[in-house]
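# What the coordinates show
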Amino acid sequence: MPVHTSGSSHDSPGKGAGLGLALASALAFGGSGVAAKPLIEAGLDPLHVVWLRVAGAALVMLPIAVRHRALPRRRPALLAGFGLLAVAGVQACYFAALSRIPVGVALLIEYLAPALVLGWVRFVQRRPVTRAAALGVVLAAGGLACVVEVWSGLSFDALGLVLALGAACCQVGYFVLADQGSDAGETAPDPLGVIAYGLLVGAAVLTAVARPWSMDWPVLAGSADLNGTAVPAVALLAWVVLVATVIAYITGVLSVRRLSPQVAGVVACLEAVIATVLAWVLLGEHLSAPQVVGGAVVLVGAFIAQSSAPAKGSPEPVASGGAERELSARGTAA
């Protein structure tokens, strides 16, 4: 029976690759709004754009789902949870929150997820977390408040805040579930299979919610305005599906497998910075001085969190659950 040492799969090269994947995921997710906004302004309902995004990605990943057709029998709870929380839950709660509270407030609450991940590890898994990791989360949250300029649109709507918090909780589910089985060796569920079936489950749930048969389909045959430039709507949709969803989820899940949920979660805060910068460059939405400073603070927080967290499997305080992964390994081997 092979023995896994604490640093065998989480050495510096592996961590570097994980950080690269996490940054790629943040970049891909961050570009979704820039492509989706022109589609919405062209006449598509936001919920329909979400459905097109998830359903299109599910169609692209369908061959992988067929290849891993035994996975639903082995890990049905994991696939259902990933589809309901990491795909449908995050999207539906976030867009529902946008209909009641300002975008900046919703985005800030959603990206409280890294702090919630630390709370999960500390109080549910009962494992200590490093002070530096906690500091990184605090800095990232504070910087994010500046990036989204939360003070410019403060308004109290209880249901809207609950929905945004629901999106944050679903994002916690994304990071925790993406990490399931990462230490189970060859018996670990294939991440591509998990993503494929998660997208299929998410698409099924969103179909019931979005009712795409009522969508204004002719919009996709026309063009959308991207800061004064006419771009085919189908090209923007292709970007949202292939880059902002398929590539974003693949790189995101792989990064969590190589890092840990709390590190990947803090790096994911860069998504808001990237989205703001891309909106500045491509949509002409200029950055203010507080947004620039906030982006720098988010970067500092992400750097502190990822550089201070020890490798998974080490005895030092971390925000990655050893006991939970041992149970996951036993479950996959059963």
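Just above, that's the structure.
Notes on the structure in this doc start here. (Residues numbered from 1 in each chain as written. Predicted model: local features only at pLDDT ≥ 70, side-chain atom pairs only at ≥ 80, totals over all residues. Heavy atoms only, no water.)

Right, let's talk about the pairing of strand β1 (residues 223-226) for a bit. Side-chain positions along a regular strand alternate between the two faces of the sheet. Burial of β1 is one-sided: the residues Ala 224 and Leu 226 facing one way are buried, the residues Ser 223 and Asp 225 facing the other way are not. Linkage of β1 to strand β2 (residues 229-232), two consecutive antiparallel strands, is achieved through a turn of two residues, within which Asn 227 is found at a positive phi near 55 degrees. (Buried < 20%, exposed > 50% of the residue type's maximum accessible area, 1.4 Å probe, protein only. Helix = DSSP H or I, 4+ residues; strand = E, 2+ residues; numbered from the N terminus. Pairing = 2+ DSSP bridges.)

As paired strands, β1 and β2 are joined by four bridges and run antiparallel to one another. Following the sheet pairing, Asp 225 is matched in β2 by Ala 230.

This paragraph deals with the side chain of Ser 32. By secondary structure assignment, the location of Ser 32 is in helix α2 (residues 32-41). Contacts of Ser 32, omitting those with residues within four sequence positions, involve Arg 53, Val 240 and Ala 244. (Contact = heavy atoms within 4.5 Å.)

Our focus in this paragraph is the packing of aromatic side chains. Applying the stated criterion across every chain, the model contains six aromatic pairs. Ring centres of Tyr 174 and Tyr 249 lie 5.9 Å apart, and the angle between their planes is 85 degrees; this geometry places the pair in the edge-to-face category. Residue Tyr 174 is found in helix α10 (residues 158-178), and its partner Tyr 249 is found in helix α12 (residues 233-258); the two are separated by 75 residues along the sequence. Residue Tyr 174 shares its accessibility class with Tyr 249, and that shared class is buried. Of the aromatic side chains, those joined through ring pairs into one cluster are Phe 29, Phe 82, Tyr 174, Phe 175 and Tyr 249. (Phe/Tyr/Trp six-rings, centres within 6.5 Å; stacked < 30°, edge-to-face > 60°.)

Glancing now at the packing of α2 against α12. Between α2 and α12, whose axes approach to 9 Å, the crossing angle comes to 150 degrees. Here α2 lies roughly antiparallel to α12, going by the angle between them. Read as a crossing pair, α2 and α12 show a hand that is left-handed. In this structure, α2 uses Ser 32, Ala 35, Ala 36, Pro 38 and Leu 39 to contact α12, whose residues at the interface are Ala 233, Leu 236, Leu 237, Trp 239, Val 240 and Ala 244. Residues that form the contact of α2 with α12 fall into these classes: ten nonpolar, one polar and no charged. (Axes fitted to C-alpha atoms, helices over the stretch in contact; angles between N-to-C directions. Parallel < 35°, antiparallel > 145°, perpendicular 65-115°, else oblique. Left-handed = near helix turned anticlockwise from the far one by under 90°. Nonpolar A, V, L, I, M, F, W, Y, C, P; charged D, E, K, R; others polar.)

Read these as geometric descriptors, not functional statements.
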